[in-house]
Amino acid sequence: MTRAKRKTEHIRHALKTGQSGLAGFEEIAFVHQSLPDCSVEQVELSTKIGELSLSSPIFINAMTGGGGEATYQINQKLAIVAKETEIPIAVGSQMSGIKNPSERNTYKIVRTENKHGMVWANLGSEATVEQAKIAVDMLEANALQIHLNTIQELTMPEGDRDFAGALSRIETMINNLDIPVIVKEVGFGMGMETVQKLESIGVKAVDVGGFGGTNFAKIENERRQRLLSFFDAWGIPTAISIIEAKEAAPHISIIGSGGIQSSLDIVKGLSLGASAAGMAGRFLKILVDQGIDSLIEEIEEMKNELRYLMTALGARKIADLQQVPLVISGQSHHWLTERGIDTKKYSRRKR
């Protein structure tokens, strides 16, 4: 099967399988503040991911490209949305465009439509420095996402089976590119061990890409004759993964993604330690079902809701959210306790 056909199959199966809704945010509860001492006008949504400055914590995470006209149309529309809402956008893996130059326009359209916006390139950890430079040049990218997708590749019928040397290749890319490198998972989460290894080679930002959103194991199982169903429930829920990442590397910028469905999920992720929140599956569904204008409206409404939520918590800046008290319950509490993380420090925070 060609890469282009596989890309279009991924989109179709992603819309079909949807999201599990098991990202763990339902087990995070804020302690109500009756005297927040804050107004909506005082709330500032700007944030930073490493050295990148964002006007709000919301961005359009990697989805597609390299699948012919269908992915061209999706990326064109998403780029228009990103431009109108002034948020960053990441493209899907560009390996298809590197290996087949005729597919490059399906990625380049993002920069064409969003000339002055923040655009992130994307490649897997198998890529070389030369390939990374091609991907960055293709988009005049502001940053490069390196995705980790071992479980997806193992489940994919034609996927990779050799993951040796990935950490070394990522380090080489960091040392040879003049733009920030963000290392991201694709729906299986990052644990403390992974984040510590990435910090040790100089990674400044990670996207935990936790369990609870688009499930690429299920998507690839849709394409298999003999199912690897044991991978369908594999991974670390997003809320837990954000906490593990923050515990492992307090000075690394953390992006929360994976099953984020609402402004409340975003605020919870930020309060747990993230600096920004990426959304893909939910944005794609709104775009496909309702169109560009509806997605623009949704993102702008989410920004307003973030201000309301932050006002209710007395948080005038994103950094303030990481000082508000919250209670972690259920499976998340059990997991974190078993991993040696004291959840009481979250419930007893004071501003």
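Because the structure is a prediction, the values reported are computed rather than measured. (Residues numbered from 1 in each chain as written. Predicted model: local features only at pLDDT ≥ 70, side-chain atom pairs only at ≥ 80, totals over all residues. Heavy atoms only, no water.)

Asker: Help me get a handle on the side chain of Arg349, residues and values and all.
Answerer: Tracing the backbone shows Arg349 in the segment after helix 16 (344–347). Buried and without a salt bridge, Arg349 has Glu247 as its closest oppositely charged side chain, separated by 8.6 Å. For Arg349, the side chain forms a polar contact with the side chain of Ser271, separated by 3.0 Å. The contacts of Arg349, once residues within four sequence positions are left out, are Ser271, Leu321, Gln322, Gln323, Val324, Pro325 and Leu326. (Helix = DSSP H or I, 4+ residues; strand = E, 2+ residues; numbered from the N terminus. Buried < 20%, exposed > 50% of the residue type's maximum accessible area, 1.4 Å probe, protein only. Lys, Arg positive; Asp, Glu negative; His and termini not counted. Salt bridge = Lys/Arg side-chain N within 4 Å of Asp/Glu carboxyl O. Polar contact = N/O pair within 3.5 Å; in protein donor to acceptor, adjacent residues only side chain to side chain. Contact = heavy atoms within 4.5 Å.)

Asker: Explain the UniProt feature "binding site: substrate" (unreviewed entry) in the protein chain residue by residue, including any values.
Answerer: Here, UniProt's "binding site: substrate" (unreviewed entry) annotation points to Arg6, Lys7 and Gln152. With respect to the helices, strands and loops of the structure, Gln152 is situated in helix 6 (residues 150–155). Residue classification places Gln152 among the buried residues on the basis of a relative accessible area of 7%. (UniProt positions renumbered as here; feature names shortened; annotations may be inferred.)

Asker: Go over the packing of helix 12 (residues 281–290) against helix 13 (residues 292–313) with me, naming the residues and quoting the values.
Answerer: Two elements in contact, helix 12 and helix 13, have axes separated by 7 Å at closest approach and are oriented at 140°. As the angle between them shows, helix 12 and helix 13 are arranged oblique. Along the contact surface, helix 12 presents Arg282, Phe283, Ile286, Leu287 and Gln290, while helix 13 presents Ile292, Ser294, Leu295, Glu298, Ile299 and Met302. Residues belonging to the contact of helix 12 with helix 13 are distributed by class as follows: seven nonpolar, two polar and two charged. (Axes fitted to C-alpha atoms, helices over the stretch in contact; angles between N-to-C directions. Parallel < 35°, antiparallel > 145°, perpendicular 65-115°, else oblique. Nonpolar A, V, L, I, M, F, W, Y, C, P; charged D, E, K, R; others polar.)

Asker: So, the packing of aromatic side chains: which residues are in play, and what are the values?
Answerer: Evaluated as defined, the whole model comprises three aromatic pairs. Plain terms: the ring middles of Phe230 and Phe231 are 4.8 Å apart, the flat faces sit at 70° to each other, and that makes the pair edge-to-face. Assessed through its relative accessible area of 9%, Phe231 is described here as buried. Relative to Trp234, the ring of Phe231 has its centre 5.2 Å away and its plane inclined at 80°; by these criteria the two rings are edge-to-face. In textbook terms, an aromatic cluster arises when at least three aromatic residues are bridged by ring pairs, as seen for Phe230, Phe231 and Trp234. (Phe/Tyr/Trp six-rings, centres within 6.5 Å; stacked < 30°, edge-to-face > 60°.)

Asker: Break down the pairing of strand 10 (residues 253–257) for me, with residues and values.
Answerer: In terms of burial, strand 10 is a largely internal element, five of the five residues being buried. Burial along strand 10 is two-sided: Ser253, Ile255 and Ser257 and Ile254 and Gly256, pointing in opposite directions, are all buried. When strand 9 (residues 205–207) meets strand 10, the two strands line up parallel, connected through three bridges. Paired with Val206 across the bridge in strand 10 is Ile254. In the sheet, strand 10 pairs with strand 11 (residues 276–279) via three bridges, with the strands oriented parallel. (Pairing = 2+ DSSP bridges.)

Asker: Give me the UniProt feature "binding site: FMN" (unreviewed entry) in the protein chain: which residues, what numbers.
Answerer: Within this numbering scheme, the UniProt entry marks Ala62, Met63, Thr64, Ser93, Asn122, Lys184, Thr214, Ala280 and Gly281 as carrying the feature "binding site: FMN" (unreviewed entry). Inspection of the secondary structure puts Met63 in the loop between strand 4 (58–60) and helix 2 (69–85). Look past the residues within four positions of Met63 in its chain and what remains in contact with it is Leu78, Ala90, Val91, Gly92, Met279, Ala280, Phe283 and Leu284. By secondary structure assignment, the location of Gly281 is in helix 12.

Asker: How would you explain the pattern of salt bridges if you had to name every residue and give the values?
Answerer: Per the stated rule, a full pass over the model turns up eight salt bridges. Across the salt bridge formed by Lys285 and Asp289, the nearest N and O atoms sit 2.9 Å from each other. Here Lys285 and its partner Asp289 are both found in helix 12, four residues apart, which amounts to about one turn of the helix. Judged by its relative accessible area of 46%, Lys285 falls in the partly exposed class. What emerges from the salt-bridge pattern is a single network uniting Glu158, Glu220 and Arg223.

Asker: I'd like to hear about the packing of helix 2 against helix 13, residue by residue, with values.
Answerer: One can describe the packing of helix 2 onto helix 13 by two numbers: an axis separation of 10 Å at closest approach and a directional angle of 35°. The chirality of how helix 2 crosses helix 13 is right-handed. Note on element contacts: helix 13 touches helix 2 through Ile292, Leu295, Ile296, Ile299, Glu300 and Lys303, opposite Lys77, Leu78, Ile80, Val81, Glu84 and Thr85. Class assignment for the residues of the contact of helix 2 with helix 13 results in seven nonpolar, one polar and four charged. (Left-handed = near helix turned anticlockwise from the far one by under 90°.)

Asker: Hey, could you go over the nonpolar core for me, with residue numbers and the actual values?
Answerer: Counting 89 residues, the largest nonpolar core has Ile60, Leu144, Ile170, Ile266 and Phe283 as the members making the most contacts within it. Ranked by residues supplied to this core, first place goes to helix 13 with seven residues. Among all residues touching Ile266, those that are not within four sequence positions of it are Ile58, Ile260, Ala277, Met279, Met302 and Leu306. Counting 13 residues, the second-largest nonpolar core is a separate cluster that includes Phe59, Ala90, Met118 and Ala276. (Core = buried A, V, L, I, M, F, W, Y, C linked by side-chain atoms within 4.5 Å.)

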